[in-house]
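Close look at the chain arrangement
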Amino acid sequence: MRAVRRRADASQRELARWAGVHHGTVGRIEAGVLTPSIALLRRIIAAAGFRLAVVDEFGRVLTPMRDRDDARDGADRRYPSHLDTILDPEPGEWWADIYGLARPPETFHRNRAVRDAMRRRSQWEVRVAKYRNVPPPPRVVGPQW
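Note that the structure is predicted; figures quoted are calculated from it, not measured. (Residues numbered from 1 in each chain as written. Predicted model: local features only at pLDDT ≥ 70, side-chain atom pairs only at ≥ 80, totals over all residues. Heavy atoms only, no water.)

Brief notes about the overall build of the protein
- A count of helices and strands for the protein gives five helices and two strands.
- Each helix and strand of the protein, placed in order from N terminus to C terminus, yields the pattern α-α-α-α-β-β-α.
- In the protein, which comprises 145 residues, the share counted as buried stands at 26%.
- Taking the intrachain contacts of the protein between residues at least 6 apart in sequence as the baseline, contacts between residues at least 24 apart amount to 34%.
- A total of about 11000 Å² of accessible surface is found on the protein, and carbon and sulfur atoms cover 52% of it. (Helix = DSSP H or I, 4+ residues; strand = E, 2+ residues; numbered from the N terminus. Buried < 20%, exposed > 50% of the residue type's maximum accessible area, 1.4 Å probe, protein only. Contact = heavy atoms within 4.5 Å. Areas by Shrake-Rupley, 256 points an atom, 1.4 Å probe, with all protein chains shown as cover.)

Some remarks on the environment of S11
- As for its placement among the helices and strands, S11 is situated in the loop between α1 (2–8) and α2 (12–19).
- Judged by its relative accessible area of 32%, S11 falls in the partly exposed class.
- Each C-alpha atom, one on S11 and one on H23, is 9.3 Å from the other, the two residues being 12 residues apart in sequence.

Some thoughts on unusual backbone geometry
- Although it is not a glycine, D9 adopts a positive phi angle of roughly 55°.
- Note that D9 resides in the loop between α1 and α2.

A word on helix α3 (residues 23–31)
- Those residues of α3 not exposed but buried are G24, T25, V26, G27, I29 and E30.
- Buried residues along α3 sit in contact with α1, α2 and α4 (38–47).

Points about the side chain of E30
- Mapped onto the secondary structure, E30 falls in helix α3.
- Take E30: its relative accessible area is 19%, and that puts it in the buried class.

Brief notes about the pattern of salt bridges
- Under the defined criterion, the tally for this structure stands at two salt bridges.
- A salt bridge links R5 to E30, with the nearest nitrogen and oxygen atoms 2.5 Å apart. Placement of the pair is R5 in helix α1 and E30 in helix α3, with a sequence separation of 25 residues. Take R5 and E30: they sit in the same class, and that class is buried.
- Residue D56 pairs with R60 through a salt bridge whose shortest N-O separation is 2.8 Å.
- For R60, a relative accessible area of 48% puts it in the partly exposed group. (Salt bridge = Lys/Arg side-chain N within 4 Å of Asp/Glu carboxyl O.)

Some details on the nonpolar core
- Counting residues in each nonpolar core, the largest one holds 13 residues, and the members touching the most others are L15, V21, V26, L40, I44 and A48.
- Secondary structure elements with two or more residues in this core: α1, α2, α3 and α4.
- Other than its neighbours up to four places away in sequence, L15 contacts M1, R5, A10, V26, I44, A47 and A48. (Core = buried A, V, L, I, M, F, W, Y, C linked by side-chain atoms within 4.5 Å.)

Examining α4
- All of the buried residues along α4 are L40, I44 and I45. Each buried residue of α4 lies within a common arc of 120° when the element is viewed along its axis, so the set occupies one face. The outward face of α4, more than 90 degrees from its buried face, is lined by the exposed residues I38, A39 and R42.
- Turning to α4, the residues buried within the fold contact α1, α2 and α3.
- Directly beyond the C-terminal end of α4, a positive phi value near 90° is found at G49. (Arc of directions from axis to C-beta.)

Take it as geometry only, folks, not as evidence of what the structure does.
The following block contains the structure:
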């Protein structure tokens, strides 16, 4: 909080006024007496012109997922965020193909090992310069559900 305030060149009272909170709140956060909620922290740092970001262990910013309103299941629910959605699945890409059920307009891979292997292969193919001297990951074979 002090670093945000210093970069904004603001006193505790000024920052608190900009964020619409009591000046004691900013002081207690800086002193470590108060642990703010994410919403409060976001509000205070936004008042100083900053925003929160999620980064991985290497400091790369995690960008938000694109939300597709046209890719929902039969009950109008979003597909789980941890799964890679497949639009217009090919034969064999839907788990219920083996039962002869009608293929939906979108689905996802349920098998985590298959999903992870496909992701590694895709990253290797897309990031050629990064993986120039690395042998390709094996192609995924067999049932993909």
